[in-house]
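Read off the chains here:
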Amino acid sequence: MAEQTPESVTPVTFNLDGRDVTAKKGDMLIAAAEQAGTYIPRFCYHPRMKPVGVCRMCLVEVDTGRGPTLQPACFIEASDNMTVVTDSDKVKKAQDGVLEFLLANHPLDCPVCDKGGECPLQDQTLAHGPGETRFVEEKRHFAKPIALSELVLLDRERCIQCSRCTRFADEVAGEALIEFAGRGEHVEVAAFPEEPFSSYFSGNTVQICPVGALTATPYRFAARPWDLEQVESTCTGCAVGCRVAVQSSSGRLTRLLGIDADPVNHSWLCDKGRFGFEGVNGPEEGNDDLDIVDPRRRISEPLVRKGGELVAVSWGEALSTTAELLRDATKSGPEGVGAIGGAQLTNEGAFAWATLFKGVLGTDSMDAQLDDGLDARHVLGLPRATMNEAAEACTVILLSGDLREELPVLFLRLRESARDAKSSVIDLGPRASALSDLAAVRLPSRPGDAHLIARSLGGDASAVTQLNGHPEGRTFTDDDLARARHLIGEDGTGVVIVLGRTSIAEDASFVESAARELHANLPNATFLPTLRRGNVMGALEMGLAPGILPGRTSLEAPSPQLRESWPLVPGKAGRGTAEQLRALAEGSQNALVLLGADPLIDVNDASLVARALHGSAPIIAVTGNGSPVLAHAQVILPASISYERPGTTTNIEGRVSRLGQKMVAPGLAWPDWMIAAELAREFSYDMNVSVVGDVTDQIARVAPSFAGLDAALFDSARARDGVVAGSGGSLAVVPALIDPMATPGMTSADEFGLGSFAGVVANEADEQTTSPATGSTLSGATLGSVAAPEVPAPDNYSLRLVATRTLYDMGSTVSSSPSLQALTPNAVVMANPYDLDRLGVKTGDRVRLRTETTTLNLSVEADTGVIRGTVALNVNVPVEGSEVHGNAVASLLDSTALVTDVRLESL
Amino acid sequence: MSAFSPEMRTRAEQLVAVYPQRRSALIPLCHLAQEQEGYLTEALMIEIAELTGVTPAEVRGTVTFYDMLHTEPVGRYVVSVCTNIACLLAGGQEMLEHAEGKLGIRAGGTTQDGRFTIEEAECLADCDIAPCVQVNSRFVRTTTTDALDSLIDELSSGDRSDIPPHGTLIRVQRSVGLVADPKEVEAQRTKVRLADSKASS
Amino acid sequence: MSVTDAPKIVTQRRHYDDSFTQERFLATGGYDGARKALKMTPPEVCAQVDAASLLGRGGAGFPAGRKWSMLRKADLAYLVINGDESEPATFKDHLLLESDPHQLIEGAIIASFALQVNQAFIYVRGEFALGLERVQQAVNDAYAYGALGNDIFGSGFSLDLVVHPGAGAYICGEETSLIESLEGKRGFPRIKPPFFPAAIGLYGEPTVVNNVETISNLPWIISNGGDAFAALGETPSTGTRLFALAGHVKNPGVFEIEMVKNTFRDLIFDPSLGGGLSRGGSLKAFIPGGVSAPWLYEEHLDIPLGQKQVDDAGSMLGSGSIVVMDSNTCMVRAAWRITKFFSKESCGQCTPCREGSGWLERVLYRLEHGEGRIEDLDLLLDLCDNISPGLAWPPQQTTICVLGPSIPSSIHSAISRFRDEFLTHIKEGACPHG
Ligand SMILES: Cc1cc2nc3c(=O)[nH]c(=O)nc-3n(C[C@H](O)[C@H](O)[C@H](O)COP(=O)(O)O)c2cc1C
Ligand code: SF4
Ligand code: FES
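Criteria and thresholds
- Residues numbered from 1 in each chain as written.
- Chains lettered and ligands numbered in written order.
- Predicted model: local features only at pLDDT ≥ 70, side-chain atom pairs only at ≥ 80, totals over all residues.
- Heavy atoms only, no water.
- UniProt positions renumbered as here; feature names shortened; annotations may be inferred.
- Buried < 20%, exposed > 50% of the residue type's maximum accessible area, 1.4 Å probe, protein only.
- Helix = DSSP H or I, 4+ residues; strand = E, 2+ residues; numbered from the N terminus.
- Pairing = 2+ DSSP bridges.
- Axes fitted to C-alpha atoms, helices over the stretch in contact; angles between N-to-C directions.
- Domains from an automatic or database assignment.
- Arc of directions from axis to C-beta.
- Contact = heavy atoms within 4.5 Å.
- Buried area = accessible area lost by both parts, 1.4 Å probe.
- Salt bridge = Lys/Arg side-chain N within 4 Å of Asp/Glu carboxyl O.
- Polar contact = N/O pair within 3.5 Å; in protein donor to acceptor, adjacent residues only side chain to side chain.
- Nonpolar A, V, L, I, M, F, W, Y, C, P; charged D, E, K, R; others polar.
- Patch = residues over 30% accessible without salt bridge, like charges linked within 9 Å, V, L, I, M, F, W, Y side chains within 5 Å.
- Areas by Shrake-Rupley, 256 points an atom, 1.4 Å probe, with all protein chains shown as cover.
- Near = heavy atom within 4 Å.

As recorded by UniProt, the Cofactor (unreviewed entry) comment attached to chain B reads in full: "[2Fe-2S] cluster". Quoted verbatim from the Sequence similarities (unreviewed entry) field of UniProt, the annotation for chain B is "Belongs to the complex I 24 kDa subunit family."

The UniProt entry for chain A carries the following text under Subcellular location (unreviewed entry): "Membrane". UniProt, in its Sequence similarities (unreviewed entry) section for chain A, records the words "Belongs to the complex I 75 kDa subunit family."

What follows is the structure in structure tokens.
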């Protein structure tokens with residue numbers, strides 16, 4: 001919850017239906033009355049958007065001293081000495097009148113309407129509407145549903161012109177791809193013929209449509225509301241961790257709705273999170289006929305390769321085979337094995353696997369990031385900001401990839417505050433992003449430059465001189481720099497640095513060095529890491545990275561409780577992803593465990609991956625869906641995935657929240673923690689856990705940053721929406737009422753006995769339970785000051801590559817969900833028009849990208865958002881006509897290179 | 001490639017420059033587009049969107065709000081007959097029906113040869129010469145069905161050079177610009193833009 | 001009673017064939033008022049307009065001086081002149097735009113100087129092709145003459161004036177919708193509060209919106225003094241006013257006559273003005289201030305043409321247009337056509353206006369075509385009541401702008417006064433007037 005400024009809490013007192021009630025100054029009557037227990041009917045009003053007062057359903061009598069008049073409660077601020085009447089005959093007649101007008105032209109197709117049963121219009125009509133229609137005229141007719149995009153359909157006859165969807169697109173998402181067309185009775189929602197409503201956020205319009213006008217193709221007619229069952233959970237599509245209501249019918253997931261969690265997603269979801277559930281359902285039939293490399297296939301039984309073929313075996317056999325392989329591999333030392341992945345695990349799964357590897361086998365070679373993230377000690381050690389703090393910061397420094405592509409709902413949150421000029425954004429990204437338009441200053445960093453820009457911000461003139469030395473000159477003016485410095489202030493108070501990888505084709509050390517620089521110069525600034533994959537933060541918190549142990553502690557300084565609980569602690573730091581792959585290629589690592597990751601898709605150095613997989617080391621994959629790497633696996637252990645397993649997850653801000661289980665995992669799949677626990681038994685270690693809550697409790701006991709976050713907490717209402725960061729650990733409980741008009745179709749939480757859990761921020765509970773001895777050992781101070789490496793400017797014929805990510809990629813969520821997969825774009829090179837002119841190519845041309853070792857043929861597009869001297873290219877998307885299967889762009893990248901320079905040649 | 005002809009593109013840019021905020025030029029640009037093509041093609045709407053900094057959907061949203069802007073082709077001559085109250089009292093409805101009969105199309109329709117479109121108009125503000133008829137937004141002041149017939153005949157045979165083809169609205173262009181110090185004007189406009197970008201979004 | 005002898009203020013040049021040219025304008029005292037104003041201080045100019053008690057001529061009749069005084073203090077402010085004239089049977093601004101565009105520009109200079117505004121717009125109805133051309137030509141001439149642009153007449157005051165064409169939407173006459181339209185958007189009226197564009201208007205800046213006729217009065221007021229203007233008519237309805245007379249009268253047209261001192265009877269029947277009914281018969285009803293106004297009848301003919309006087313009679317002077325309907329008029333048809341207009345022109349934001357207007361129109365169409373039911377009369381009135389609770393005048397509203405509550409005026413008037421005519425339609429299954 002927002003820190004409240006004194007003005008915004010000044011109460012006002014007004015008279016509501018004869019009683020005096022108080023409200024926050026600035027609250028609209030509709031919200032103030034609701035707070036006081038009086039619900040005023042509405043259609044166009046949505047609590048997360050600006051009111052427009054067009055449907056007129058919320059008319060009430062308001063008297064400010066000049067006599068009562070009918071006013072829309074959604075557009076009148078509550079003020080002192082106001083008299084408001086919501087239940088007079090006059091109000092009732094006006095509201096009934098509006099309802100009757102809305103119904104006049106509304107089709108009577110409730111029985112076949114997707115919204116039937118959960119439709120606010122239907123509900124209002126049943127509650128207050130006229131029994132019989134007085135409208136005997138011919139109703140308005142429109143051709144039946146039209147597609148606004150691949151995902152959203154519009155039935156214009158049902159539309160009540162509330163403008164929620166068009167306002168969402170313009171105001172919240174910032175892309176007015178749908179807008180009203182026509183006038184008066186003929187007003188309809190429309191996309192431009194050649195430009196469909198292809199927004200990453202389109203599903204939200206379906207969620208907030210108060211009638212059945214907008215429907216989503218993935219769940220159209222999938223279920224009737226009364227067959228639906230619902231559980232609350234957290235989306236692990238990315239590391240924002242949006243709160244979701246997960247609904248299913250007849251054993252299949254049918255729909256996800258965003259819960260209005262104030263600290264997190266404000267009820268919004270991105271389409272990837274909303275529609276990505278198809279991969280959980282798997283194919284409706286014929287699952288086992290799908291090839292093991294097909295991401296749509298669900299893995300439902302343990303498989304062991306025998307004579308070249310994968311054969312279904314019992315869990316017992318699978319576990320003993322796995323243990324055998326691991327034992328073999330560690331004969332000459334624990335570093336013989338390593339694990340890659342873990343971002344798909346629950347916190348509990350991550351902890352159990354860390355226990356097995358680090359505490360039982362004694363190897364430190366675990367890495368939940370796939371060589372495209374940031375050093376875990378930076379992520380865990382730098383002072384952290386919450387999303388609300390970032391959204392309310394005076395100044396936000398963006399040193400990250402395009403958030404709309406990587407962490408979509410974080411983008412919405414930051415966009416809102418930049419849009420309303422609540423915070424000023426300083427954008428250091430190498431390429432204009434969806435937030436750049438709203439940025440106060442842009443100081444674009446070229447690959448290899450981030451640390452120099454950070455030093456420039458700190459006032460280091462030599463860094464500015466160094467940037468001047470680039471053949472294309474500096475990317476910003478003295479004025480820009482002065483403005484940015486002014487916005488940052490002296491010590492970084494009120495500054496949040498949004499920190500992530502600006503390019504995958506650039507070594508992480510530049511951004512990390514920039515972060516250290518910023519931290520040193522701005523001691524009061526806080527950081528919000530933008531690591532992207534589902535529960536990557538939970539995996540890091542649980543120690544799935546070289547050199548660290550659960551609870552933000554380092555290998556050198558484990559918590560006493562951990563030392564007591566684990567049989568051993570690795571003696572030396574292990575390998576990260578690229579190092580493990582190299583060791584596998586060279587034969588110095590003898591086995592690889594894949595925790596839900598697929599290097600063929602996720603690792604951006606194709607030749608390294610190829611070399612690693614062609615070695616003889618066995619690969620053991622723990623996974624829930626098919627994927628290309630499984631063709632190389634010796635053992636496949638089926639794990640339950642999202643919405644099939646209870647437990648907890650951790651988001652970018654460190655918020656730990658509950659995962660709800662709605663589905664039963666197929667066949668013999670087990671929860672991730674259980675697989676590790678059972679394997680540990682094979683090594684004679686009993687983790688002493690029988691249900692997931694036992695693991696949660698163990699984490700709370702041994703991981704300092706999770707102190708106090710035990711299973712009982714997550715079962716209680718204390719972990720509800722409304723935890724105030726910085727409240728000294730006291731968990732404020734603000735029960736969130738579900739407004740059926742804000743998100744029609746969301747079942748009231750109470751029916752299931754669960755509150756709207758939005759989770760707690762790790763560390764927030766520290767004060768209650770943590771004793772200093774068990775404290776985290778990672779901090780900004782332990783980062784040291786390693787200088788960033790120097791890179792020379794590219795030669796005159798080369799352009800420096802900025803490798804970026806896109807939301808719809810070839811990752812498992814998208815490729816296992818047919819609706820989304822259809823939206824994955826092909827790779828296109830983007831370059832500044834100036835460079836294209838220079839090279840004599842134009843948008844649409846085919847070009848060859850050449851590095852010293854590879855070439856790739858692609859289409860090119862001019863983009864002024866790409867700075868001169870660089871080209872931008874999305875990783876992990878298909879390349880049209882490419883021979884390479886999988887992540888073709890990765891063939892250009894070399895994990896040992898500091899930066900990647902490419903030549904662009906016209907074909 | 002511009003959907004506007006080079007000359008029109010220049011005029012379009014001049015129009016954009018006249019306003020403190022470029023979106024304000026949207027409707028004038030639509031008139032310009034109609035002067036060129038008779039209606040708003042998708043390509044022109046996309047170009048207007050670029051010129052005014054909005055999405056094509058927003059351009060179309062605005063266009064479809066206004067009666068004079070067309071997203072489908074209309075005739076070279078748009079004959080508008082007012083049937084609103086003052087004209088109704090003077091036989092406007094009958095005049096409209098007469099025109100429909102004469103051209104063999106219903107209001108809202110266009111003759112096959114693409115020459116005429118008939119529109120039923122709301123009050124055109126020339127109520128003393130009723131029923132009021134306009135061709136391409138020019139008051140033609142034909143108040144009898146006979147006069148209307150001969151007008152249509154004249155238009156058909158090309159005798160009415162005083163009435164430019166549909167779309168050409170203002171033949172007088174702004175020829176003299178602001179004499180004020182351009183820097184001062186620019187500074188003022190920047191201020192609005194800043195204030196606006198804060199207020200409007 | 002005979003028509004009073006007052007000076008022609010805004011139509012003084014009307015009788016010249018070349019009244020719209022700069023030559024004629026300059027030869028007939030053009031820019032005298034502006035030159036005089038530019039030598040005064042802005043507050044002095046405002047004081048003259050206050051003294052004149054100039055009521056807005058766009059429809060609401062709000063005093064211009066008061067509106068100006070509400071302009072929020074800010075670095076930037078705008079003047080927007082409303083020439084969208086689309087209220088049915090209103091055609092006086094059309095006359096002014098075509099016959100005396102320079103007078104309007106002079107008024108714009110005076111108003112802009114008084115308000116210290118450097119950017120003004122004239123929003124001209126798109127269907128006025130000739131008017132647009134004349135005003136644009138006049139603006140070009142004025143720039144060349146030094147009356148617009150930088151340092152006007154050496155006064156140090158600068159003004160840029162942009163002629164902006166509309167594109168055909170009645171609602172854009174409503175001032176906040178006009179602003180949206182001028183911003184390149186759909187013409188959706190803005191919700192209140194803020195109640196006046198003077199607080200937040202064009203581009204979010206304080207803006208004064210005045211009607212063409214209102215602004216055209218300024219040159220005379222400054223030249224002759226606010227008191228001279230106030231001496232005409234009777235406070236608060238001072239000066240002369242343009243009345244657009246249409247319908248069943250012998251001489252329809254625009255007449256500039258003194259306010260209050262003349263009556264509806266003078267306007268409709270005086271030989272120098274309306275000249276009486278065109279087809280004989282008797283007067284059945286007249287609509288006094290645009291079709292948004294409730295109708296008046298025979299017994300109201302002697303009401304003086306003053307704002308307050310007409311308000312007191314339960315209607316309004318509005319846009320100053322009068323539609324005369326004689327005894328041969330079908331009132332069901334009249335009410336239907338007016339309702340059809342509102343239905344077509346509703347912007348579509350507010351449910352009661354959007355849906356109500358269409359519903360009412362369909363019911364009236366049925367009635368007029370002989371397919372009415374007796375219960376339709378109560379239905380019509382009840383739907384009207386749901387748009388404008390109580391059906392009172394001035395109206396209460398359930399909508400954002402006053403287009404909504406304008407819809408019931410004609411229906412309520414027609415049913416209240418001519419119920420029998422509706423019943424005949426129902427009983428005979430056809431319109432008795434054919
Ligand atoms: C539906 C509607 C239509 C209007 N149309 C016009 C119009 O065409 N011309 C006009 O000057 N004012 C019109 N107005 C009044 C304007 O909102 C505004 O009050 C007026 O332009 C102010 O100018 P004034 O103060 O000089 O009268 C209309 C108002 C409404 C509610
Ligand atoms: S009352 Fe009618 S015209 Fe006015 S804003 Fe509402 S819908 Fe639009
Ligand atoms: S007008 Fe208030 S909720 Fe729609």
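Visitor: What's the story with the pairing of strand β2 (residues 119–124) of chain C in this structure? I'm lost.
Guide: Both faces of the sheet carry side chains from a regular strand, because those side chains alternate between them. Residue and element names in this part refer to chain C. With respect to burial, β2 is a largely interior element, six of its six residues being buried. Covered by surrounding structure in β2 are Gln 119, Phe 121 and Tyr 123 together with Ala 120, Ile 122 and Val 124, the residues of both alternating faces. Where strand β1 (residues 78–83) meets β2, six bridges bridge the pair, whose relative direction is parallel. The partner of Val 80 across the bridge, within β2, is Phe 121. Sheet analysis places β2 next to strand β3 (residues 160–165), joined by six bridges and oriented parallel. For Ile 122, the partnering residue across the bridge sits in β3 and is Val 163.

Visitor: Please explain the sheet that holds strand β31 (residues 798–804) of chain A as it appears in this structure.
Guide: Adjacent strands of a sheet pair through backbone hydrogen bonds, lying either parallel or antiparallel. Residue and element names in this part refer to chain A. Ordered in space as β31-β35-β32-β34-β33-β36, the six strands form a closed barrel in which the pairing is mixed. Sheet twist, expressed as the average angle between the axes of neighbouring strands with direction ignored, equals 45 degrees. The pairing of strand β32 (residues 828–831) with strand β35 (residues 870–874) spans two bridges and is classified as antiparallel. Paired with Met 830 across the bridge in β35 is Ala 872.

Visitor: Looking at this model, I keep getting lost on the domain arrangement of chain B. Mind explaining?
Guide: How big an interface is tends to be stated in terms of accessible area lost as the parts join. Considered domain by domain, chain B is made up of domain 1 (1–72) and domain 2 (77–157). Computed over C-alpha atoms, the centres of domain 1 of chain B and domain 2 of chain B are 28 Å apart.

Visitor: Help me out: how do you make sense of helix α23 (residues 606–613) of chain A in this one?
Guide: Helical periodicity: at 3.6 residues per turn, an α-helix aligns residues three or four positions apart in one direction. All names here are of chain A. Taken together, the buried positions of α23 are Leu 608, Val 609, Ala 612 and Leu 613. The arc enclosing the buried residues of α23, seen along the axis, measures out at 125 degrees, which places them on a common side. Where α23 is buried, its residues touch α21 (577–586), α22 (599–602) and β26 (619–623).

Visitor: How do you make sense of the interface of chain A and chain B when you look at a structure like this?
Guide: Across the contact, 19 residues belong to chain A and 16 residues belong to chain B. Between chain A and chain B, the buried area comes to about 1400 Å², and carbon and sulfur atoms account for 58% of it. Per-residue buried area on chain A facing chain B is highest for Ala 176, Arg 183 and Phe 192 of chain A; these three make up 40% of the total on that side. At the surface where chain A touches chain B, the tally comes to one salt bridge. With a shortest N-O distance of 3.2 Å, Asp 67 of chain B and Arg 183 of chain A are connected by a salt bridge. At the junction of chain A with chain B, the criterion picks out four residue pairs in polar contact (both at pLDDT 80 or more). Breaking the side of chain A that touches chain B down by element, the ones donating at least two residues are β8 (178–181) and β9 (188–191) of chain A. Per-element tally for the side of chain A that touches chain B: the top contributor is β8 of chain A, with four residues. Tallied by class, residues from the side of chain A that touches chain B come to ten nonpolar, one polar and eight charged.

Visitor: What's the story with a nonpolar patch on the surface in this structure? I'm lost.
Guide: Residues Met 70, Phe 195 and Phe 196 of chain C make up a contiguous nonpolar surface patch of about 290 Å² in total accessible area. Following the sequence through the fold, Phe 195 of chain C ends up in the loop between α8 (175–182) and β4 (207–211).

Visitor: What should I look at first to understand unusual backbone geometry in this one?
Guide: Note: most peptide bonds trans; most residues except glycine with negative phi. For the peptide bond that leads from Thr 235 of chain C to Pro 236 of chain C, omega is 0 degrees, which places it in the cis range. That bond from Trp 393 of chain C to Pro 394 of chain C is cis: its omega, -5 degrees, falls within 30 degrees of zero. Tracing the backbone through its elements, the reader meets Pro 394 of chain C in the loop between α16 (375–387) and α17 (403–428). A positive phi angle, close to 70 degrees, is found at Ser 163 of chain A, a residue other than glycine. Residue class for Ser 163 of chain A comes out buried when judged on its relative accessible area of 10%. Not every positive phi belongs to a glycine, and Asn 136 of chain B is a case in point at roughly 50 degrees. Tracing the backbone shows Asn 136 of chain B in the loop between β3 (133–135) and β4 (138–139). Since its relative accessible area comes to 5%, Asn 136 of chain B is described here as buried.

Visitor: When you look at the interface of chain C and chain B in this model, what are you seeing that I'm missing?
Guide: Between chain C and chain B, the residue contacts involve 70 residues of the former and 59 residues of the latter. The junction of chain C with chain B conceals about 5200 Å² of combined surface from both sides, 59% of it contributed by carbon and sulfur atoms. Interface area lost by chain C to chain B is led by Glu 133, Tyr 203 and Arg 337 of chain C, which between them contribute 13%. Summed over the shared surface of chain C and chain B, the number is eight salt bridges. Of the charged contacts, one joins Arg 171 of chain B and Glu 133 of chain C as a salt bridge, the two residues approaching to 2.8 Å between their closest N and O atoms. Joining chain C to chain B, the criterion identifies 29 residue pairs in polar contact (both at pLDDT 80 or more). Breaking the side of chain C that touches chain B down by element, the ones donating at least two residues are α5 (92–99), β2, α7 (129–145), β3, α8, β7 (240–247), β10 (321–326) and α14 (331–345) of chain C. Of all the elements, α14 of chain C adds the most residues to the side of chain C that touches chain B, at eight residues.

Visitor: Help me understand the sheet that holds strand β25 (residues 591–595) of chain A, please; the structure alone is not making it clear to me.
Guide: Residue and element names in this part refer to chain A. Judged by pairing direction, the sheet is mixed, and its seven strands sit side by side in the order β15-β14-β27-β26-β25-β16-β17 without closing on themselves. Single-partner strands in this sheet number two, and they are β15 (309–312) and β17 (366–367). Note: strand β14 (residues 303–306) against β15, four bridges, orientation antiparallel. Within the sheet, the bridge partner assigned to Val 304 lies in β15 and is Val 311. The strands touched by helix α9 (residues 315–329) are β14, β16 (337–341), β25, β26 and β27 (635–638); relative to β27, the strand with the most contacts, the crossing angle is about 130 degrees.

Visitor: I would appreciate a short explanation of the pattern of salt bridges in the present structure.
Guide: Any two side chains of opposite charge can pair, so long as their charged atoms come close to each other. Considering all chains together, one arrives at 99 salt bridges over all chains under this definition. Taking the shortest distance from any N to any O, the salt bridge between Asp 155 of chain A and Arg 158 of chain A comes out at 3.6 Å. The burial state of Asp 155 of chain A is the same as that of Arg 158 of chain A; both residues are buried. The residue Arg 190 of chain C makes a salt bridge to Glu 180 of chain C at a minimum N-O spacing of 2.7 Å. Of this pair, Arg 190 of chain C sits in the loop between α8 and β4 while Glu 180 of chain C is found in helix α8, placing the two residues ten residues apart along the sequence. Where salt bridges share partners, they join Lys 93, Glu 100 and Arg 134 of chain A together with Asp 382 and Asp 385 of chain C into one cluster.

Visitor: Whenever I open this one, the UniProt feature "domain: 4Fe-4S His(Cys)3-ligated-type" (unreviewed entry) in chain A confuses me. Can you help?
Guide: In the numbering used here, UniProt assigns the feature "domain: 4Fe-4S His(Cys)3-ligated-type" (unreviewed entry) to residues 90–129 of chain A. The distance separating the terminal C-alpha atoms of residues 90–129 of chain A is 15 Å; by composition the span is 60% helix and 0% strand.

Visitor: Help me understand the UniProt feature "domain: 4Fe-4S Mo/W bis-MGD-type" (unreviewed entry) in chain A, please; the structure alone is not making it clear to me.
Guide: Here, the residues flagged by UniProt with the feature "domain: 4Fe-4S Mo/W bis-MGD-type" (unreviewed entry) are residues 228–284 of chain A. Structurally, residues 228–284 of chain A comprises 16% helix and 35% strand, and the distance from its first C-alpha atom to its last is 18 Å.

Visitor: Just to check I follow, could you spell out the site of ligand 2 for this structure?
Guide: Lining the immediate environment of ligand 2, one finds 13 residues, of which Cys 347, Cys 350, Cys 353, Thr 399 and Cys 401 of chain C sit closest. Looking at side-chain class alone, the shell around ligand 2 contains eight nonpolar, five polar and no charged residues.

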